[in-house]
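A look at the structure
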Amino acid sequence: LVTPALYERLGQLADLVREAAAVTLSEDLIGGIFSDYPDRQAAVTKIRATKLRIAGAPRGTWAGIDREFRRPDLASDDGALTMIIKQARAVYLDRLLPVVTNAGICEHPALYPGVSRNAYLLLTSTSACSMILPGLIVPPFADERYDDASLATRLGFVMAHEFMHVTAYQDQWNQV
């Protein structure tokens, strides 16, 4: 669904939106939600370090997971059922690997089906990972024919929303 041209533009857009979100949070209008300056700076730092992933993106690219998929060893005399079982095992091991190696939260598979029109942010005390599901990277949210302003006000808005979820720790808010 995502052409190479659109994928490249989304990478550039993600970088621009991430920095704009960090700058906006560092200013008093939005940053004033924090009760103290160190908490605000920690959130700004976390936004700048947030990885944006697209579920199903090519591995090793800007929005894909970093590890390679180890394909099953199929033999020419394997029957259909054997091939299915070997492939299922390879997928299972690929999904288990981030758990047993204590990989970062961005190395895990998506929590929701890729066809859903959704995005979310996984947040820990030390890192954040924004996941955009492919169901959002189709019209009316995104298309390679959209100009930069249209793409930014549609999918860019979703990216900014997800980046700003780093403000989710209510104990850091200014309650006054």
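Please read all numbers here as calculations on a predicted model, not as lab measurements.

**Let's talk about the packing of aromatic side chains**
Per the counting criterion, the structure on display carries 2 aromatic pairs. Taking the centre distance of 5.1 Å and the plane angle of 35 degrees together, the rings of Y7 and W62 count as tilted. One end of the pair, Y7, is in helix α1 (residues 4–26); the other, W62, is in the loop between β1 (51–54) and α4 (80–100), and 55 residues separate them in sequence. Taking the relative accessible area as the measure of exposure, Y7 reaches 13% and is therefore buried. Here W62 falls in the partly exposed class, since its relative accessible area comes to 30%. Aromatic side chains Y112 and Y120 sit 5.4 Å apart centroid to centroid with 75 degrees between the ring planes, which places their arrangement in the edge-to-face category. The class of Y112 is partly exposed, set by a relative accessible area of 42%. Residue placement shows R154 over the ring face of Y146; its charged tip is 4.6 Å from the ring centre.

**Remarks on the packing of α1 against helix α5 (residues 148–163)**
α5 packs onto α1 with a crossing angle of 55 degrees between their chain directions and a minimal axis gap of 9 Å. Classed by the angle they form, the pair α1 and α5 counts as oblique. The hand of the α1/α5 crossing is right-handed. In this structure, α1 uses L6, R9, L10, L13, A14, V17, R18 and A21 to contact α5, whose residues at the interface are D148, L151, A152, L155, G156, M159, A160 and F163. Tallied by class, the residues present in the contact of α1 with α5 amount to 12 nonpolar, 1 polar and 3 charged.

**Observations regarding α5**
The terminal C-alpha atoms of α5 lie 19 Å apart, and with 16 residues this falls more than 12% below the ideal 22 Å at 1.5 Å per residue. Residues of α5 that are buried sit in contact with α1, α3 (37–49), β1, β2 (119–123) and β3 (128–132).

**Observations concerning α1**
When the terminal C-alpha atoms of α1 are compared, their 33 Å separation across 23 residues agrees well with the 33 Å that a helix rising 1.5 Å per residue should span. Every buried residue of α1 is listed here: L6, Y7, R9, L10, G11, L13, A14, V17, R18, A21, A22 and L25.

**Re the pairing of β3**
For a regular strand, the rule is simple: side chains alternate between the two faces of the sheet. Across the 5 residues that make up β3, a large majority, 5, are buried. The two faces of β3 match: A128, S130 and I132 on one face and C129 and M131 on the other face are all buried. Relative to β3, β2 runs antiparallel, the two being bridged by 5 bridges. Directly across from L123, in β3, lies its bridge partner A128. Once β2 ends, the chain turns through 4 residues before running back antiparallel as β3.

**Structural notes on the sheet that holds β2**
Strands sit in the order β1-β3-β2 across an open sheet of 3 strands; the sheet is mixed. Unpaired on one side and paired on the other, β1 and β2 mark the two borders of the sheet. Recorded for the sheet is a direction-independent mean angle of 20 degrees between the axes of neighbouring strands. The sheet contacts of α5 involve β1, β2 and β3, and relative to β3 the element is tilted by about 150 degrees.

**Some remarks on the pattern of salt bridges**
Applying the stated criterion to the full structure yields 11 salt bridges. Note that D78 and K86 form a salt bridge whose closest N and O atoms lie 2.8 Å from each other. Taking relative accessible area as the criterion, D78 reaches 16% and is therefore assigned buried. Residues D143 and R145 are paired through a salt bridge, measuring 2.9 Å at the closest nitrogen-oxygen approach. Relative accessible area serves as the criterion here: at 13%, D143 is assigned to the buried category. Among the charged side chains, a salt-bridge network with shared partners connects R53, R59, D66, R67, D94 and E107.

Rules and cut-offs
- Residues numbered from 1 in each chain as written.
- Predicted model: local features only at pLDDT ≥ 70, side-chain atom pairs only at ≥ 80, totals over all residues.
- Heavy atoms only, no water.
- Phe/Tyr/Trp six-rings, centres within 6.5 Å; stacked < 30°, edge-to-face > 60°.
- Helix = DSSP H or I, 4+ residues; strand = E, 2+ residues; numbered from the N terminus.
- Buried < 20%, exposed > 50% of the residue type's maximum accessible area, 1.4 Å probe, protein only.
- Lys NZ or Arg CZ within 6 Å of the ring centre and 35° of its normal.
- Axes fitted to C-alpha atoms, helices over the stretch in contact; angles between N-to-C directions.
- Parallel < 35°, antiparallel > 145°, perpendicular 65-115°, else oblique.
- Left-handed = near helix turned anticlockwise from the far one by under 90°.
- Contact = heavy atoms within 4.5 Å.
- Nonpolar A, V, L, I, M, F, W, Y, C, P; charged D, E, K, R; others polar.
- Expected span 1.5 Å × (residues − 1).
- Pairing = 2+ DSSP bridges.
- Salt bridge = Lys/Arg side-chain N within 4 Å of Asp/Glu carboxyl O.

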